[in-house]
Amino acid sequence: MELKQLDDFVYVSGQINKEHVARLAEMGFGHIVCNRPDGEVEDQPGYEQIASEADKYGMSCLYVPIVSSDITATHIRTMSHALKTSKLTLIYCRSGNRSTIMWALCSVAVTSLWMR
């Protein structure tokens, strides 16, 4: 698991698995956001597996599956609200690219009038 820091509280990575959740908890993460739709590939851990493991460590999870060509204002609003936290947050997808794009869109959107 390779983490990249995007801001003071948000990190991004590619796909995680159940074993990574324990490590994230040890590192002080309190929130996980999954941007990867279940079933993109056959052996991909599903969101429920990650969320169930995170729950064991008192971490909250949010499922905001995104297909890059179909990002909506609802996706951006949901993610923006999820990222308004003082907890260390990991956002992930297959490679981290979609999640990084969503973080960037949310960073811009929180200052725009249409988000209010």
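Here goes a summary of the coordinates provided.

The rules behind the values
- Residues numbered from 1 in each chain as written.
- Predicted model: local features only at pLDDT ≥ 70, side-chain atom pairs only at ≥ 80, totals over all residues.
- Heavy atoms only, no water.
- Helix = DSSP H or I, 4+ residues; strand = E, 2+ residues; numbered from the N terminus.
- Rg over C-alpha atoms; globule rule 2.2 N^0.38 Å.
- Contact = heavy atoms within 4.5 Å.
- Areas by Shrake-Rupley, 256 points an atom, 1.4 Å probe, with all protein chains shown as cover.
- Lys, Arg positive; Asp, Glu negative; His and termini not counted.
- Charge placed at Lys NZ, Arg CZ, Asp CG, Glu CD.
- Salt bridge = Lys/Arg side-chain N within 4 Å of Asp/Glu carboxyl O.
- Buried < 20%, exposed > 50% of the residue type's maximum accessible area, 1.4 Å probe, protein only.
- Pairing = 2+ DSSP bridges.
- Polar contact = N/O pair within 3.5 Å; in protein donor to acceptor, adjacent residues only side chain to side chain.
- Phe/Tyr/Trp six-rings, centres within 6.5 Å; stacked < 30°, edge-to-face > 60°.

Quick look at the overall build of the protein
Thought 1: When its secondary structure is counted, the protein shows 4 helices and 5 strands.
Thought 2: Each helix and strand of the protein, ordered N terminal to C terminal, gives the series β-β-α-β-α-β-α-β-α.
Thought 3: Taken over C-alpha atoms, the radius of gyration comes to 13 Å for the protein, in line with the 13 Å a tight globule of 116 residues would show.
Thought 4: Taken along its principal axes, the extent of the C-alpha atoms in the protein is 40 × 30 × 20 Å.
Thought 5: Once local pairs closer than 6 in sequence are excluded, the contacts in the protein between residues at least 24 apart make up 73%.
Thought 6: For the protein, the exposed area adds up to about 6,300 Å²; of that, 51% sits on carbon and sulfur atoms.
Thought 7: For the protein, the distance from the average site of its 11 positive side-chain charges to the average site of its 13 negative ones is 7 Å.

Quick look at the pattern of salt bridges
Pairing is possible between side chains that carry opposite charge, provided their charged atoms lie close to one another.
Thought 1: Tallying each qualifying case throughout the model produces 4 salt bridges.
Thought 2: One salt bridge in this structure joins Arg 23 and Glu 26, with 3.5 Å as the shortest N-O distance. Pair noted here: Arg 23 and Glu 26 are both in helix α1 (residues 18–26), with a separation of 3 residues, about one helical turn.
Thought 3: Overall, Glu 26 belongs to the exposed group, its relative accessible area being 62%.
Thought 4: Here Glu 40 and Arg 36 are joined by a salt bridge, their closest N and O atoms 2.5 Å apart.

Digging into the sheet that holds strand β5 (residues 88–92)
Thought 1: A sheet is described by the order of its strands in space; here 5 strands give the open sequence β1-β2-β5-β3-β4, paired in mixed fashion. The open sheet has two edge strands, β1 (4–5) and β4 (60–63), and neither has a second partner.
Thought 2: Sheet analysis places β1 next to strand β2 (residues 10–13), joined by 2 bridges and oriented antiparallel. Paired with Gln 5 across the strands is Tyr 11, a residue of β2.

A word on the environment of Gly 58
Thought 1: With respect to the secondary-structure elements, Gly 58 resides in the loop between α2 (47–56) and β4.
Thought 2: Judged by its relative accessible area of 61%, Gly 58 is exposed.

Notes on α1
Thought 1: Considered for burial, the residues of α1 that qualify are His 20, Val 21, Ala 22 and Leu 24.
Thought 2: Taken together, the buried residues of α1 touch β3 (29–34), α2 and β5.
Thought 3: Of the residues that open α1, the one with a side-chain oxygen 2.9 Å from the backbone nitrogen of Glu 19 is Asn 17.
Thought 4: Immediately beyond the C-terminal end of α1, within one or two residues, lies Gly 28, with a positive phi of roughly 100°.

A closer look at the side chain of His 75
Thought 1: Inspection of the secondary structure assignment puts His 75 in helix α3 (residues 73–83).
Thought 2: Separated by 3.3 Å, the side chain of His 75 and the backbone oxygen of Pro 65 make a polar contact.

Notes on the environment of Val 41
Thought 1: In this structure, Val 41 sits in the loop between β3 and α2.
Thought 2: For Val 41 and Arg 94, which are 53 residues apart along the polypeptide, the C-alpha to C-alpha distance reads 9.6 Å.

Things to note about the packing of aromatic side chains
Thought 1: By the definition in use, this model includes 2 aromatic pairs.
Thought 2: Look at Tyr 47 and Tyr 63: their rings are 4.7 Å apart centre to centre, the planes differ by 25°, and that puts the pair in the stacked class. With Tyr 47 in helix α2 and Tyr 63 in strand β4, the pair connects residues that are 16 residues apart, well separated along the chain.
Thought 3: On the accessibility criterion, Tyr 63 (30% relative accessible area) is partly exposed.

Honestly, that's just the spatial picture; any functional story needs more than this.
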